[in-house]
Amino acid sequence: MRIVNLVEDTPGSPGCGYEHGLSFYVETRKHKLLVDSGATDLFRYNAQTLGIDLKQVDILVLSHGHYDHGGGIAAFTQWNPEASVYMKSGAGAAYYHVKDSGAKYIGIDKNILQLKQCVTVEGDLRIDEELFLFSGLSGEKYPARGNRELKRKEGDNFVQDTFDHEQCVAVAQDGLHVLLSGCAHNGILNILDRYASIFHAMPDIVISGFHLQQKEAYTEADISNIERMAYELLETGALFYTGHCTGGEACGVMKKIMGAKLQVIHSGMRIL
């Protein structure tokens, strides 16, 4: 199995650009897939720098319906019109970041929904013995404060986004089990509970943002929650790779507790 980050928020591999977005290339014995596509077509140029041929990709999975994960899909399908694009039902809704200063559209380009290779996933989906997509995410373990500003527009009104458009990818090969999420808006521990309910075990490796970054200063309660989350993640025994929406300060707090069990992702970084 080979897993390489193509886009992340921070600089990493020489020659690779970075942006507020996330994209991973995953290569198994049967598949070459992308999990998310970043905010622009930057992932294409980084792939070229890293020697990855995106024309060989057969599957793209969108983790959720935000632009920083699906902004490159339209461009990707022009270069590779044969790859299937799996997205959760509802991923094309009107999503906004709503603040006192106004509302900013953060959804995906709705033209993507008309693409012939777009596959709408209603629930869990077994693609084959290597790939499994799952959703049905819920739970109350350490909800991110930043979620409160993320809304869905219905008519003229904004309602709280419940992130039911979020899905995760479980990859298995030769006894190695990897879980990939996007931002874990539903909470990484809640996602791991769902994973365990399906597979009756924890994954060996988890690759995900934790959505802990926030513009306001962390309170003592925020830091306490991050620390408790880190201890619970450590108890799973998995190796975690995180970045993007986790934020540098939160990563630092968690790293003190998790040590080598937590690795921070940078753009162009090879994970496996």
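For the structure, see preceding data.
Residues numbered from 1 in each chain as written. Predicted model: local features only at pLDDT ≥ 70, side-chain atom pairs only at ≥ 80, totals over all residues. Heavy atoms only, no water.

Caption draft 1: Layout of unusual backbone geometry. Its identity is not glycine, yet Ala 184 carries a phi of approximately 50 degrees, on the positive side. Within the element layout of this structure, Ala 184 appears in the loop between strand 14 (176-180) and helix 4 (188-199). Although it is not a glycine, His 211 adopts a positive phi angle of roughly 50 degrees. By the secondary structure assignment, His 211 is in the loop between strand 15 (205-207) and helix 5 (220-236). Among the residues examined, His 211 registers a relative accessible area of 12% and is labelled buried. (Helix = DSSP H or I, 4+ residues; strand = E, 2+ residues; numbered from the N terminus. Buried < 20%, exposed > 50% of the residue type's maximum accessible area, 1.4 Å probe, protein only.)

Caption draft 2: Examining the pairing of strand 1 (residues 2-7) more closely. With respect to burial, strand 1 is a largely interior element, five of its six residues being buried. Inspection of the sheet shows strand 1 paired to strand 2 (residues 23-27) by five bridges, in the antiparallel sense. Note on strand 2: the bridge partner recorded for Val 4 is Tyr 25. (Pairing = 2+ DSSP bridges.)

Caption draft 3: The environment of Lys 55, seen in detail. Along the chain, the position of Lys 55 falls in the loop between helix 1 (42-49) and strand 4 (59-61). By relative accessible area, which is 61% here, Lys 55 ends up exposed. Taking C-alpha positions, Lys 55 is 22 Å from Leu 180, a pair spaced 125 residues apart along the chain.

Caption draft 4: How the structure looks around the sheet that holds strand 10 (residues 131-134). Sheet architecture is open: seven strands sit in the order 9-10-13-14-15-16-17, paired in mixed fashion. Edge strands, defined here as strands with exactly one partner in the open sheet, are strand 9 (125-126) and strand 17 (262-264).

Caption draft 5: View of the state of the cysteines. Enumeration according to the criterion identifies zero disulfides in this entry. Cysteine Cys 168 shares no disulfide, and the gap to the nearest cysteine sulfur, in Cys 183, comes to 11 Å. Cys 168 sits in the buried class, given a relative accessible area of 0%. (Disulfide = S-S within 2.5 Å.)

Caption draft 6: Structural context of the packing of aromatic side chains. Under the counting rule described, the total for this entry stands at eight aromatic pairs. Relative to Phe 158, the ring of Tyr 96 lies with its centre 5.2 Å away and its plane at 70 degrees, an arrangement referred to as edge-to-face. Of this pair, Tyr 96 sits in strand 6 (residues 95-99) while Phe 158 sits in strand 12 (residues 157-160); the two residues are 62 residues apart in sequence, bridging distant segments of the chain. Taking relative accessible area as the criterion, Tyr 96 reaches 18% and is therefore assigned buried. Classification of Phe 158 as partly exposed rests on a relative accessible area of 35%. Consider the rings of Tyr 195 and Phe 199, whose centres lie 4.5 Å apart with planes at 40 degrees: the pair is tilted. With Tyr 195 and Phe 199 both in helix 4 and four residues apart, this pair spans about one turn of that helix. (Phe/Tyr/Trp six-rings, centres within 6.5 Å; stacked < 30°, edge-to-face > 60°.)

Caption draft 7: Main features of the packing of helix 4 against helix 5. Between helix 4 and helix 5, the shortest axis-to-axis distance is 10 Å and the interhelical angle comes to 25 degrees. Looking at the two axes, helix 4 sits roughly parallel to helix 5. Pair helix 4 / helix 5 crosses with left-handed handedness. Every residue of helix 5 that contacts helix 4 at Ile 188, Leu 189 and Leu 192 is listed here: Met 229, Glu 232, Leu 233 and Thr 236. Class assignment for the residues of the contact of helix 4 with helix 5 results in five nonpolar, one polar and one charged. (Axes fitted to C-alpha atoms, helices over the stretch in contact; angles between N-to-C directions. Parallel < 35°, antiparallel > 145°, perpendicular 65-115°, else oblique. Left-handed = near helix turned anticlockwise from the far one by under 90°. Contact = heavy atoms within 4.5 Å. Nonpolar A, V, L, I, M, F, W, Y, C, P; charged D, E, K, R; others polar.)

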